[in-house]
Amino acid sequence: MNTTTLGAGPGAARAPVGDNKQGSLSDAERLDRAMTSFLRDFNTTSALYLEACVHCGQCAEACQYYVQTGDPKYTPIWKVEPIKQAYKRLTGPLAPLYRLFGLKKAVTIEELEQWQELLYDSCTLCGRCTLVCPMGIDIPSLVLAARHGMQEAGLVPDDLWGPTERARREGSPLGATKQVLKERIAWLTDDNNVTIPLDREQADILVTISSVEIMKYPQSITAMARVMNHIGASWTFRSDGYEATNFNMLSGDRTGQREATMRLINAALAINAKTVILPECGHAYQAFRWAGATMYGRPLPFRVVHISEYLAEELRAGRLSLKSDARSMTFHDPCQIARRGGVTEAPREIFRALGADLREMGPTPAGNWCCGGGGGVITIHRADSLRHRVFHLKMQQVEDTGAALLVSSCSNCRLTFDDGQDFFHWDKTAHSLVELVADNLAERH
Amino acid sequence: MNGASVLDFARGPVFEIALAMLIFGIAWRLVGIFALRRPVDYSEPRAGTGWGSGLRMIVSRSWPRREFRERVLHWDIVSYIFHVGYAVAILGYVPHIMLIRNLTGLQWPGLPGGVIAFAAGLSAGALLALLGHRLTSPVLRRLSNFDDYFSWLLAFTPLVTGLMAYYGIGGNYQMVLGLHILAGDILFAWLPFGKIMHVILLAFSRGTTGAAYGRRGAPI
Ligand code: SF4
Ligand code: SF4
């Protein structure tokens, strides 16, 4: 029988593959671990969110899964029901009353198992629900807190847990080990006649990569190198800190998330970097730009920017000059970079500099539909047909713009688009913004 | 118990207990939340501390964003009719204002009884529509629990008894008025213990998200 190993803690035992449970813990132990994790995670912010919900149901209307299926179980706040139940019964100010009157039952192992699908397969952490909730409840942050408990309990879908565990073992969720990176960079350098600095001892800028790029879109690495060289930046990739995709954050593995974060921080410190550039990867941005310092326990001693932000800055500074590309284009804002990350203007500055005919997706960039592959969902194969259903919304939104070219700045979105394109025999391919820039670098005189 | 004694009972000891429960309950619930660990965010903000966005979102989230209006605005409007009608009835009716003056010293001019009755009637109608929605929408049925229905009932009863007292329906006026005040007392006493607490929590939860997103420069 195939076996796998649970990455963390005393549960690091063996369990059969395929039942979407990890480790050989008893049900009682799993439940206990999940509860301990839930209780440890509760803080004033999550408490406010869990207290404030008025059960108005509006979050359902923002969620791609409910909109496409009409199934009430996909109501965003319902997806975190176990953690809400645990909070109300055990932690909240009214907990004694809830227990006294039996208004909140104890969470059961069956419920946790049942909720695995809602917490993992059908939430991309896209944050649309946050924007609609009249109480302003940030549901994705609660989903992440619930995932922490699920990870502790060894109740993660195997398809997501696999890459997470691999990331802890090999430093990359998709097998893009140090060795693979070195080989890739060697052949990219030869094939494309481009200088790709690796492991320089000092540099102003540490550029990081997503393993999706290394394994699936290596041309992105070349594109980054060409752009950085064009700008004349002092930069390097580092084989001791390159992997920015933080799958561990997505599965709920706090220890792994911290390890992945620390690798980048240590690499940046080693070369005295003033800036760390995050690649075209939404969750990398979320994990490092917004959660990185908190993992570190103090402010980071360098700046962290997404590559699109960096390119916009360099355009403004006059160090990046582009040829014109006047085609009609539309831009898919990756949820974690734009809606939940705050980078909305930078890519648009780049389109303006290209002289592109940018056709925005309606009604606003903030309300952009998710590609359906975020939050680790793309890895979970049993969720494929659901993912394809929600992809329909995205396809329609892209089609409605009438643009000739679809561009995004996240390789995970790109992967999802490629898969959707294949599945629906769609005539649109998602392109990388950085590759578009690299293809349009003006000649230096 | 006759009408007069119900009235005295509702105005006297029950009112005082309700008020105590209201104040104590709100304090208890807020302290229970804010005594928990405060998360620290060491990330470098993109756009200030986020305080401004927090305050902005407290106001802006009172109306749905453009992206969602098509799907949610109609129920928001019904909900507004309920809330505004309720507020007008509570704060605009002269006897209510006198009660508030006695308690706090604050006062303001009242509205004619007919306007109050109209507002209360609209509010009650909207509340019935909201209940119908809760009972028929699959999403709301999934989410709803005891608190949702109980709080609905406690919000509805003062409206109906108030209208009955105003129009002299239900026989003994003192009895009906007594029941109206009793219903109000119970509503006050329950407020901190159920979902009606959102009247207080709303500003905190909106403000928290507004500040967190604001410091990231993300849309709110
Ligand atoms: S974050 Fe996105 S996918 Fe997850 S519940 Fe909210 S709207 Fe749905
Ligand atoms: S929209 Fe907000 S308040 Fe309404 S049910 Fe969803 S989480 Fe609760």
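Look above for the structure.
Residues numbered from 1 in each chain as written. Chains lettered and ligands numbered in written order. Predicted model: local features only at pLDDT ≥ 70, side-chain atom pairs only at ≥ 80, totals over all residues. Heavy atoms only, no water.

1. Comments concerning the interface of chain B and chain A
- Facing 53 residues of chain B, the contacting portion of chain A comprises 63 residues.
- Regarding the contact of chain B and chain A, the summed buried area is about 5200 Å², with carbon and sulfur atoms giving 61% of it.
- Run the count over chain B and chain A and you get 3 salt bridges.
- Arg46(B) serves as the salt-bridge partner of Glu309(A), at 2.6 Å between the closest nitrogen and oxygen.
- Where chain B touches chain A, the interface holds 28 residue pairs in polar contact (both at pLDDT 80 or more).
- Residue assignment for the side of chain B that touches chain A shows that the elements contributing at least two residues are α1 (3-34), α3 (69-92), α6 (138-143), α7 (146-167) and α9 (198-216) of chain B. (Contact = heavy atoms within 4.5 Å. Buried area = accessible area lost by both parts, 1.4 Å probe. Salt bridge = Lys/Arg side-chain N within 4 Å of Asp/Glu carboxyl O. Polar contact = N/O pair within 3.5 Å; in protein donor to acceptor, adjacent residues only side chain to side chain. Helix = DSSP H or I, 4+ residues; strand = E, 2+ residues; numbered from the N terminus.)

2. Let's talk about the pattern of salt bridges
All names here are of chain A.
- Overall, the coordinates contain 33 salt bridges over all chains when judged by the stated rule.
- For Lys-21, the salt bridge goes to Glu-113, with nearest N and O atoms at 3.0 Å. Here Lys-21, found in the loop between β2 (14-16) and α1 (27-41), pairs with Glu-113, found in helix α8 (residues 109-121); they are 92 residues apart in sequence, far enough to count as distant.
- For Glu-113, a relative accessible area of 32% gives the class partly exposed.
- As a salt-bridge pair, Arg-414 and Glu-435 come within 2.8 Å of each other at their nearest N and O atoms. Placement of the pair is Arg-414 in helix α22 (residues 411-424) and Glu-435 in helix α23 (residues 433-439), with a sequence separation of 21 residues. Across the pair, exposure class does not vary: Arg-414 and Glu-435 are buried alike.
- In the salt-bridge network here, residues are joined through shared partners; they are Arg-40, Asp-41, Glu-152 and Arg-254. (Buried < 20%, exposed > 50% of the residue type's maximum accessible area, 1.4 Å probe, protein only.)

3. Things to note about the site of ligand 2
- In the vicinity of ligand 2 there are 14 residues, among which Cys53(A), Cys56(A), Gly57(A), Cys59(A) and Cys133(A) approach most closely.
- Flanking ligand 2 are residues from chains A and B.
- For the shell around ligand 2, the per-class residue count stands at 11 nonpolar, 3 polar and no charged. (Near = heavy atom within 4 Å. Nonpolar A, V, L, I, M, F, W, Y, C, P; charged D, E, K, R; others polar.)

4. A short note on the sheet that holds strand β4 (residues 235-236) of chain A
Residues and elements named next belong to chain A.
- Taken together, the 4 strands give an open sheet; going across it, the order is β4-β3-β5-β6, and neighbouring strands pair in parallel fashion. A strand with exactly one partner marks an edge of an open sheet, and here the two such strands are β4 and β6 (303-306).
- Sitting on the sheet, helix α17 (residues 282-290) touches β5 (275-278) and β6, and the angle it makes with β5 is about 155°.
- Across the face of the sheet, helix α19 (residues 307-317) comes into contact with β3 (205-207), β5 and β6 while running at roughly 95° to β6. (Pairing = 2+ DSSP bridges. Axes fitted to C-alpha atoms, helices over the stretch in contact; angles between N-to-C directions.)

5. Digging into the pairing of strand β7 (residues 328-332) of chain A
Residues and elements named next belong to chain A.
- In terms of burial, β7 is largely enclosed, as 5 of its 5 residues are buried.
- Here β7 shows a buried face lined by Ser-328, Thr-330 and His-332 and a second buried face lined by Met-329 and Phe-331.
- As judged from the 2 bridges shared by β7 and strand β8 (residues 357-358), these two strands associate in the parallel manner. The residue bridging Met-329 from the neighbouring strand is Leu-358, located in β8.
- A crossover connection joins β7 to the parallel β8 through helix α20 (residues 345-354); in handedness this β-α-β unit is right-handed.
- Pairing geometry for β7 and strand β9 (residues 405-408), over 4 bridges, is parallel. (Right-handed = clockwise from strand over helix to strand, strands pointing away.)

None of the figures reported here should be taken as evidence of function without further support.
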